[in-house]
Amino acid sequence: MLASIFSLNVIQTALELGCIYALVALALFLSYSILNIADLSTDGCFTLGCAVACQVALTGHPILALVAAMAAGVCSGFVTAFLQTRLGVESIMAGIIVNTGLYTINLAAMGFSSTMSLVKTETIFSLAKKSLGFLGSWYKLVLVGVIIALACAAMLGFLGTGDNTAMVRASSINPAFTITVGLCVSGALCALSGGLLAQYQKSCDINVGTGMVTIALASLIIGETLVGKRTMLRRILGVVFGSCLYRFIVAVALRFNVPAAAMKLVSAIIVAVAISMPAIREHFAFEKRKHAARARRAAAVKEGK
């Protein structure tokens, strides 16, 4: 049983999906952890990238499909930022407004159909197979690995301007401009993830982005808890690690024949545990200190006698 759970195929698939979804986690890392903005447009933006990539890929341009998806994500991020910085809408409400509007836009991008298929269409993965076929079944992981590495490098370069509003003001940079650029970059990463998933799965569904913000948040917290956040590089790599670990946990659940209808519950439990991890670790550390203090008092009393 353990051999089937920890098989090479399961690990490989978890790493592939983990790297794809890590782009969403990086987007949330930028908006939530760095800009301190609760961007709830993530779900709709992910589906937008998926839908746009599908439509462009169907015309025979799989690489351009990813560029188009990122451009659509930039537009989504710009609208969210515009509502916040120019119209004074709270960040949570701005995200909800954009996410609601994106549902109709996504349907329109999909030709008002709830699903799209790329089964008979060339994708970046089929192109990679032609050029990286000598790698066997690992060509997909190599491709998404290169993409996530470039995204992490770009994130490090972007965050060289500062990682919070106070630092931005101290650097004489317009916070509204930085927020706009940050949300545009975040939207581009989120939509790129959707575009990659569409070509990876060769399909798109109008509900594919549902719950994406909570999954990304879980990946973010898992990474920060297990890897740490002492340096920016460590935080970014932690996000990728958290995403891969999350996908592996989901893969294990599927290996235990968890019904598809129960996967939302499994995801909710993973998210709850991930969010609770810092508090759980603090509780255990407190109990350990308390036990050590009791042991020291007992030893002191014993010596006094």
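Structure: above.
Given the structure is predicted, the values throughout are model-derived calculations rather than measurements.

Engineer: Any chance you could break down the overall build of the protein chain for me, citing the residues and the numbers?
Structural biologist: Broken down by element type, the protein chain carries twelve helices and two strands. Ordered by position in the sequence, the α and β elements of the protein chain form the string α-α-α-α-α-β-α-α-α-α-β-α-α-α. If one aligns the C-alpha atoms of the protein chain with their principal axes, the spans along those axes are about 85 × 55 × 35 Å. When the 305 residues of the protein chain are sorted by exposure, 47% land in the buried category. When contacts within the protein chain are restricted to residue pairs at least 6 apart in sequence, those whose partners lie at least 24 apart make up 80%. For the protein chain, the exposed surface amounts to about 15200 Å²; the carbon and sulfur share of it is 68%. Counting 23 positive and 11 negative side-chain charges, the protein chain places the averaged centre of each group 8 Å from the other.

Engineer: Please give an account of the nonpolar core that cites residues and values.
Structural biologist: Among the nonpolar cores identified, the biggest contains 68 residues, and Leu 23, Leu 26, Phe 46, Phe 125, Ile 148 and Leu 196 are the most heavily contacted of them. Looking at which element gives the most residues to this core, the answer is helix H2 (residues 8-34), with 14 residues. Every residue in contact with Phe 46, bar those within four places of it in the chain, is listed here: Tyr 21, Val 24, Cys 190, Ser 193, Gly 194, Leu 197, Val 208, Gly 209 and Met 212. Within the second largest apolar cluster, eleven residues are counted, among which are Ile 222, Tyr 246, Ile 270 and Val 271.

Engineer: Tell me about the state of the cysteines, and please be specific about residues and values.
Structural biologist: Counted according to the given criterion, the structure contains zero disulfides. Of the cysteine sulfurs around Cys 152, a residue in no disulfide, the closest is that of Cys 19, at 8.7 Å. Residue classification places Cys 152 among the buried residues on the basis of a relative accessible area of 11%.

Engineer: So what about the pattern of salt bridges? Which residues, and what values?
Structural biologist: Here the structure, examined in full by the defined rule, presents three salt bridges. We note a salt bridge from Lys 130 to Glu 122, for which the minimum N-O separation is 2.6 Å. Glu 122 sits in the partly exposed class, given a relative accessible area of 34%. Put simply, Glu 287 and Lys 290 hold a salt bridge, and the shortest N to O gap is 3.5 Å. Linking Glu 287 with Lys 290, this pair stays in helix H12 (residues 263-304), spanning three residues, or about one helical turn. Of the residues examined, Lys 290 reaches a relative accessible area of 30% and is grouped as partly exposed.

Engineer: Describe the environment of Leu 64, naming the residues involved and giving the relevant values.
Structural biologist: One can find Leu 64 in helix H4 (residues 62-85). Taking the C-alpha atoms as reference points, Leu 64 and Ile 124, 60 residues apart in sequence, are found 9.7 Å from one another.

Engineer: Report on the packing of aromatic side chains, specifying residues and quantitative values.
Structural biologist: Taken as a whole and assessed by the stated rule, the structure comprises three aromatic pairs. Geometrically, the ring pair formed by Tyr 21 and Phe 46 is stacked, given 6.1 Å between the ring centres and 15 degrees between the ring planes. Taken together, the residues Tyr 21 in helix H2 and Phe 46 in helix H3 (residues 42-57) connect sequence positions 25 residues apart. A relative accessible area of 11% means that Tyr 21 is categorised as buried. A ring pair is formed by Phe 125 and Tyr 200, whose centres lie 5.5 Å apart and whose planes are at 75 degrees; its orientation type is edge-to-face. With Phe 125 in helix H6 (residues 124-131) and Tyr 200 in helix H9 (residues 175-201), the pair connects residues that are 75 residues apart, well separated along the chain. A residue is classified by how much of its surface remains accessible, and Phe 125, at 3% relative accessible area, is buried.

Engineer: Provide a residue-level description of unusual backbone geometry, including the pertinent values.
Structural biologist: Glycine aside, negative phi is the norm for most residues, and most peptide bonds take the trans geometry. The phi dihedral of Phe 112 is positive, around 55 degrees, even though this residue is not glycine. Structurally, the position occupied by Phe 112 is in the loop between helix H5 (91-109) and strand S1 (115-117). Judged by relative accessible area, which is 64%, Phe 112 ranks as exposed. Positive phi is not limited to glycine here, since Lys 202 has a value of about 55 degrees. You can see Lys 202 is positioned in the loop between H9 and strand S2 (203-205). Residue classification places Lys 202 among the partly exposed positions, given a relative accessible area of 29%.

Quick notes on the rules
Residues numbered from 1 in each chain as written. Predicted model: local features only at pLDDT ≥ 70, side-chain atom pairs only at ≥ 80, totals over all residues. Heavy atoms only, no water. Helix = DSSP H or I, 4+ residues; strand = E, 2+ residues; numbered from the N terminus. Buried < 20%, exposed > 50% of the residue type's maximum accessible area, 1.4 Å probe, protein only. Contact = heavy atoms within 4.5 Å. Areas by Shrake-Rupley, 256 points an atom, 1.4 Å probe, with all protein chains shown as cover. Lys, Arg positive; Asp, Glu negative; His and termini not counted. Charge placed at Lys NZ, Arg CZ, Asp CG, Glu CD. Core = buried A, V, L, I, M, F, W, Y, C linked by side-chain atoms within 4.5 Å. Disulfide = S-S within 2.5 Å. Salt bridge = Lys/Arg side-chain N within 4 Å of Asp/Glu carboxyl O. Phe/Tyr/Trp six-rings, centres within 6.5 Å; stacked < 30°, edge-to-face > 60°.

Function cannot be read off these values alone, since they describe shape.
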